[in-house]
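# Structure at a glance
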Amino acid sequence: MNHQVVSVKVYAAVFCALLALTITTVAVSKLDLGEFNFIAAMTIAVIKATLVVMFFMDVRRATSMTKLFVGAGLFWLAILLVFLLSDYLSRGWLPSLRWL
Amino acid sequence: MADSEATLTAHEPELKHHFDDSAQQLESSTLGMWVFLVTEVMFFGGMFGAYTVYRNLYRNAFASTSHFMNVIIGAVNTGVLICSSFTMVLAVRSAQLGQKKALVAFLILTLILGCVFLSLKYVEYHEKWVDHHIPGPGFQYADPRYFHQAQILFLLYFAMTGMHAIHMIVGAGLLTTLIVMAARDRFSATWHTPVEMIGLYWHFVDIVWIFLFPLLYLIGHTQ
Amino acid sequence: MSPTLPFASTEARTNYLNADYGWKSWLFTTDHKRIALLYLFSITVFFFVGGLFAVGMRLNLLTPQGLFSHDTYNKLFTMHGIIMVFFFLVPSIPATLGNFLVPMMIGARDLAFPRINLLSWYIYIVGGIFALTAVVQGGVDTGWTFYAPFSSTYSNTHVILAALGVFVSGFSSILTGLNFIVTIHKMRAPGMTWSRLPLFVWGHYATSLIQVLGTPVIAITLVLLGLERLLHAGIFDPTLGGDPVLFQHLFWFYSHPAVYIMILPGMAVISEIVACFSRKAIFGYSFVAFSSIAIAVLGFLVWGHHLFVAGQSMYASMAFSFISFLVAVPSAIKVFNWTATMYKGSVSFETPMLYAFGFIGLFTIGGLTGLFLATMAIDVHVTDTYFVIAHFHYVMVGGMVMAYLGGIHFWFPKITGRMYPEGWAKFAALVVFVGFNLTFFPQFILGYQGMPRRYAHYAPEFQVLNVMSTAGASVLAVGYLLPMIYLTWAWRKGPRAPQNPWNAKGLEWSSHPRPRLPTTLNINRW
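Residues numbered from 1 in each chain as written. Chains lettered and ligands numbered in written order. Predicted model: local features only at pLDDT ≥ 70, side-chain atom pairs only at ≥ 80, totals over all residues.

## Some remarks on the overall build of chain A
Within chain A, the regular secondary structure consists of three helices and zero strands. If you list the helices and strands of chain A from N to C, you get α-α-α. Considering only C-alpha atoms, chain A reaches an extent of 65 × 40 × 10 Å along its principal axes. Expressed as a percentage of its 100 residues, the buried residues of chain A come to 29%. (Helix = DSSP H or I, 4+ residues; strand = E, 2+ residues; numbered from the N terminus. Buried ≥ 20, exposed ≤ 12 C-beta atoms within 10 Å, placed from the backbone.)

Set out below in structure tokens:
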């Protein structure tokens, strides 16, 4: 991990981007876009998180193993959320049987 | 594998005996910290799961409670944390360059920003307490239709932001330790692993907030 | 063939046991071998505590009207479950044999984070103290599964104390897993590639992945449970708008993979033992190695099979059922490979191999009955009956505990420098096998006939099988006490062991018996 040290300019650029995105997400939340509000907010959050992970946490220049672990963590979170929701969202799709 | 100009020799006290060289030690610490952060992802993930379920089940109640979220404090706090991530990464950079004064300065700035966050959180919690929105025997809610549902949602709000705040407090403690160590010349361009590791931790806590903020404060207003 | 060194005067030679004396040198050690022994003693204590509760249960079940009150019985099975699952099964092999052997097997001097290793043990002890305090204060009666809303709203026992014990011990598990992952990634000796790793290490790596990914979820679940118990906000309480099934989802997200945390190290041990006592390299090394990873991954996708009758949607249930069938495949692959290893091998029947045989047979039965339970149409009838209890005891006790005992015996000469008495050990293994089957096979029948689990009193027609089961339990208890006695004796007074009494091929056998502090190996095998 002892690469060349990153310049302040890069960090400053990411910092400004993060602040700008924060302002954006607050502004967008004031508009009524229905379901799209959620998608917009989450998209912006994912972009911000990616910037922090890639630049501030230096995963951009990290080993493949580190990237694999980061990806695995996100993937496992996805497993938890997707499978959990799959129960709640699919209740009522098929009639439940009489033993319940 | 990374190259470095200055590596620890076997005589240096920072190289632990069970490691062969400093590169192995640094890579191990980094991987260890990332594995720990993955556990934290899953830890918060359980609460995000519960939140998602109840937000979907109780959309109207969620819309109702979202009016009581203090978006201004939330947004300012988001800005504060982003600033603190910036100062933290500059602190790590100073450590990499062996710039002790800058390192201490940036660490102190990060700590101050962290404390600002916690203070604003306290203000927010106090507001909730005044409004009787803290779950428990004293809970009250203006709209009787959503009393129970609101209490569940507020429990999740406090659990999620509270767990985040606890992580911030731990982070503040770790920063304090770093500041003391840095002031005592413990770090150098060749060895500053704790600074990098706690930097990773601090950024992670920032990322949790990056998701908490929109989920708890921003969406739901217009539903 | 591995070179064997003369074992004459190991007494005077410095090793990890005599390098330093005094309680401080043990309680503040960072040596992985000493920490393994610290765990060994604590885990054994918890095993017997959990066993005492089992004795209470089986005594109660001798008669249909029972010995104890319903409340007391509820506490017995709860504490039995909590202690056995969280304080014995989850840490057992990784914290003892794993800690001791993984660095040696990969050619490292210690784990990546020795101090975190010690911290892990301390955290385990703190968690254990919380759990034992809950016991002493009167116990918990929610079942080890802590189902809400009983645990969150209605139980009058020390739920939070017990949950705190489990919560804290979870961090011990996470830290152990973290340590192993980093160690195996970063501390392998030059030339020790992934494809040369012993299957013991692969098994522990897969286990560590589960520990790291799953345990945090039960941690947060117990936090939410504790908050609910204190505040009654209603998150799991249906009368307050909450969903008790959400608790079950979050609980089983960890607790199902947890059973793979418990069994994978056992399988890892069996792979080593079978190869050694068949005098053959394991058949299909890559398949066995990857099957461990497959079990770890697939194990996270099946938790809903614990919720078939809980109100989970049919679609989700079908998906979970199907994936549960899939997760049996890698386990079956292992069983086939162990069998193929023995085929045309030169099989000998020392004690570790006896335990391995027991494991293979009993785990197969347990695993197959798991498939019955994964089939929704069958599960509907046998869920929450003794069929389920028999299933998991077959895999956990017939499987895991036998693997643990086999591993303890196999590596006993390495850990202690002495040999255990083979005659007594073989006898004890047989007693365990007979006692186990007598205890738990009748429970399959009981469950099939409809006897519900967690009932203090039962219908009279179930008595004969229950008496058989209790009789078996007393035999099993003898089988477990015997090694306690002869292993303790052998540690002090057993004959000195040669460096490699089994002529096994692992790297750990190339050190002296009772390895040095810190570990050094004669890496002369490659």
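There is more to say after this.
## Considering the interface of chain B and chain A
Listed per partner, the contact involves 40 residues of chain B and 38 residues of chain A. Taken together, the elements giving at least two residues each to the side of chain B that touches chain A come down to helix 1 (22–57), helix 3 (71–96) and helix 6 (193–218) of chain B. Considering every element that reaches the side of chain B that touches chain A, the biggest residue donor is helix 1 of chain B, with 15 residues. (Contact = placed C-beta atoms within 7 Å.)

## Considering the interface of chain C and chain A
Listed by partner, the interface residues are 16 residues for chain C and 15 residues for chain A. Those elements that place two or more of their residues in the side of chain C that touches chain A are helix 8 (199–231), helix 9 (244–277) and helix 11 (314–342) of chain C. Top element by residues in the side of chain C that touches chain A is helix 11 of chain C. It accounts for three residues. Looking at the side of chain C that touches chain A residue by residue, the classes come out as ten nonpolar, six polar and no charged. (Nonpolar A, V, L, I, M, F, W, Y, C, P; charged D, E, K, R; others polar.)

## With respect to helix 5 (residues 147–183) of chain B
If you check helix 5 of chain B, its first and last C-alpha atoms are 52 Å apart, about what 37 residues at 1.5 Å a residue would give, namely 54 Å. Downstream of helix 5 of chain B by a residue or two, D185(B) has a phi angle that is positive, lying close to 65 degrees. (Expected span 1.5 Å × (residues − 1).)

## Structural notes on the nonpolar core
In terms of nonpolar packing, the biggest core is built from 274 residues, with V35(B), A50(B), L155(B), L156(B) and M400(C) touching the most fellow members. The leading source of residues in this core is helix 9 of chain C, at 23 residues. The residues contacting M400(C), other than those within four sequence positions of it, are L89(C), M262(C), I263(C), G266(C) and V395(C). (Core = buried A, V, L, I, M, F, W, Y, C linked by C-beta atoms within 7 Å.)

## Section: the confidence of the model for chain B
Looking at chain B as a whole, the pLDDT averages 91, with 93% of positions reaching at least 70. Overall fold confidence (pTM) sits at 0.93, and the ipTM for the predicted complex is 0.92. (pLDDT = per-residue confidence, 0-100.)

## Considerations on the packing of helix 2 (residues 32–60) of chain C against helix 3 (residues 70–89) of chain C
Residue and element names in this part refer to chain C. Helix 3 packs onto helix 2 with a crossing angle of 155 degrees between their chain directions and a minimal axis gap of 9 Å. Put simply, helix 2 runs roughly antiparallel to helix 3. Crossing hand, helix 2 versus helix 3: left-handed. Contacts between helix 2 and helix 3 involve I43, F46, F47, V49, G50, F53, A54, G56, M57 and N60 from the first element and Y73, L76, F77, M79, H80, I83, M84, F87 and F88 from the second. Each residue belonging to the contact of helix 2 with helix 3 can be placed in one class, and the counts come to 15 nonpolar, four polar and no charged. (Axes fitted to C-alpha atoms, helices over the stretch in contact; angles between N-to-C directions. Parallel < 35°, antiparallel > 145°, perpendicular 65-115°, else oblique. Left-handed = near helix turned anticlockwise from the far one by under 90°.)

## Overview of helix 12 (residues 351–374) of chain C
With 24 residues, helix 12 of chain C should cover 34 Å at 1.5 Å per step; its first-to-last C-alpha distance of 34 Å lies within 8% of that length. Counting buried positions along helix 12 of chain C gives 18 out of 24 residues, so the element sits mostly inside the fold.

## Side note on unusual backbone geometry
Note: most peptide bonds trans; most residues except glycine with negative phi. A cis amide bond, omega 0 degrees, links A148(C) with the succeeding residue P149(C). Relative to the assigned elements, P149(C) resides in the loop between helix 5 (114–136) and helix 6 (150–154). Phi angles above zero are rare outside glycine, and D185(B) is one such case at about 65 degrees. Turning to its location among the elements, D185(B) is positioned in the loop between helix 5 and helix 6. Of note, R454(C) is a non-glycine position whose phi angle comes to about 60 degrees, a positive value. Its place among the elements puts R454(C) in the loop between helix 15 (422–449) and helix 16 (463–493). For R454(C), a count of 17 C-beta atoms within 10 Å translates into the label partly exposed.

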